Amino acid sequence: NVAGPGVRYSTRLLEMTPDDTVFYVAIPNLSETIAESNKIIEQRLAENPELKQWWDAEQASSRGRKHWNDAISKISEFGAQLGDEIVVTARMSATSHEPDGPLVFTTVKNAAGFRAYAENQLGILAGATNKRADVRFIDDPMSAGETAGAKTDLFVWINGDVLAASPKLEMLRQVASNLKTASGSRWADGPVRSRIAEVYHEGAGFIVAADLEKIIAGSRETDAKEASTFRQLGITSLKTFIAEVKENKGKSYNRAVVTFNPAEHGIASWLAEPGPMGAL
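Residues numbered from 1 in each chain as written. Predicted model: local features only at pLDDT ≥ 70, side-chain atom pairs only at ≥ 80, totals over all residues. Heavy atoms only, no water.

Participant: So what about the side chain of R91? Which residues, and what values?
Facilitator: Residue placement: R91 occurs in strand β2 (residues 82-92). At 2.7 Å, the side chain of R91 forms a polar contact with the side chain of E170. A distance of 3.5 Å separates polar atoms of two side chains, one belonging to R91 and the other to Q174. If we skip the residues at most four places from it in the chain, R91 touches D20, T21, V22, E98, P99, D100, E170, M171 and Q174. (Helix = DSSP H or I, 4+ residues; strand = E, 2+ residues; numbered from the N terminus. Polar contact = N/O pair within 3.5 Å; in protein donor to acceptor, adjacent residues only side chain to side chain. Contact = heavy atoms within 4.5 Å.)

Participant: Could you give an account of the nonpolar core, with specific residues and numbers?
Facilitator: The nonpolar side chains of a soluble globular protein tend to be buried, and buried together. Ranked by size, the top nonpolar core spans 27 residues in total, and within it Y24, F105, I196 and Y200 carry the most contacts. At the level of secondary structure, the elements contributing two or more residues to this core comprise β1 (21-28), β3 (99-108), β5 (154-159), β6 (162-166), α5 (169-181), α6 (191-202) and β7 (206-210). The element contributing the most residues to this core is α5, with five residues. The contact partners of F105, leaving out residues within four places of it in the chain, are L13, M16, T17, E85, I86, V87, T89, V162, L163, A164 and V175. Grouped together as the second largest cluster of nonpolar side chains are nine residues, L82, F137, L163 and A165 included. (Core = buried A, V, L, I, M, F, W, Y, C linked by side-chain atoms within 4.5 Å. Buried < 20%, exposed > 50% of the residue type's maximum accessible area, 1.4 Å probe, protein only.)

Participant: Lay out the pairing of β7 with the relevant residues and their values.
Facilitator: Sheet topology places β1 next to β7; four bridges connect them, and they run antiparallel. Paired with A26 across the strands is I207, a residue of β7. (Pairing = 2+ DSSP bridges.)

Participant: Report on the packing of aromatic side chains, specifying residues and quantitative values.
Facilitator: The final tally for this structure, using the stated rule, is two aromatic pairs. Each ring, one from W54 and one from W55, has its centre 6.2 Å from the other, and the planes form 50 degrees; the classification is tilted. Residue classification places W54 among the partly exposed positions, given a relative accessible area of 47%. The class of W55 is buried, set by a relative accessible area of 12%. The positively charged end of K246 is found above the aromatic ring belonging to Y253, 5.0 Å away from the centroid. (Phe/Tyr/Trp six-rings, centres within 6.5 Å; stacked < 30°, edge-to-face > 60°. Lys NZ or Arg CZ within 6 Å of the ring centre and 35° of its normal.)

Participant: Residue-level account of the confidence of the model for the protein chain, with values.
Facilitator: In the predicted model, the protein chain carries a mean pLDDT of 82, and 85% of its residues have values of at least 70. Here helix α8 (residues 224-233) stands out as the element of the protein chain with the lowest mean pLDDT, 74, in contrast to β7, whose mean of 94 is the highest. (pLDDT = per-residue confidence, 0-100.)

Participant: How would you explain helix α1 (residues 31-47) if you had to name every residue and give the values?
Facilitator: The end-to-end C-alpha separation of α1 is 25 Å, in line with the 24 Å expected for 17 residues at 1.5 Å each. Here α1 has its buried residues at S31, T33, A35, N38 and L45. (Expected span 1.5 Å × (residues − 1).)

Okay, structure coming up:
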């Protein structure tokens with residue numbers, strides 16, 4: 001009975017992704033949906049003694065309902081300061097030939113207010129756990145440097161109303177460099193980005209996308225035997241993967257698409273032409 005966050009028809013975050021991106025995951029801001037769902041849970045517990053008894057027993061075995069409600073409250077409080085989506089990306093590592101990241105993007109409604117809120121919450125967390133969270137806010141990735149002897153788990157940069165975060169400072173520098181030169185992203189011209197843009201145009205919910213061609217090409221460079229097997233199976237023909245899950249106007253919509261180039265080879269050649277599923 002809880003309405004979802006709705007679909008999104010555009011995003012600035014896609015344009016900010018680096019040119020070597022191979023994974024793109026877009027998640028709608030679900031904080032309001034989670035909070036409303038919790039209200040319904042509380043209402044059902046008040047109406048049903050048997051459900052309440054079971055729920056109390058389950059919560060007693062963990063940390064109790066108060067901790068549950070505190071967690072929901074924090075999620076709602078945090079999410080209320082963010083925009084309508086969070087994007088997580090990864091790139092191909094030049095050294096390990098494996099996906100590397102993550103790089104996270106979102107928008108904030110009040111940049112100064114969010115930073116103050118986040119730093120305050122990190123302080124509260126450190127006091128409660130006696131352990132400082134290694135999160136560092138930076139004003140400019142290009143001039144920021146690594147602190148000698150210090151370990152940072154996450155670098156956070158707020159530029160205007162866009163927040164970017166990564167455990168690797170170099171990834172934020174790449175984003176800053178793209179913005180500074182206004183040269184755009186070469187990845188923006190590729191088939192994965194184009195297909196993602198189409199998904200937004202049609203109305204986006206959850207999106208999971210991968211540039212299989214680049215990922216497989218990177219893997220082939222490290223193992224000749226594996227590369228030969230990939231060619232025989234037709235895996236080297238894999239091009240893109242796009243999955244989307246959304247709810248629009250009360251209807252659920254789920255789709256996953258894999259593209260091949262060319263398709264008439266290996267496993268891909270076993271597939272029939274797309275068509276309706278008679279059982280549906």
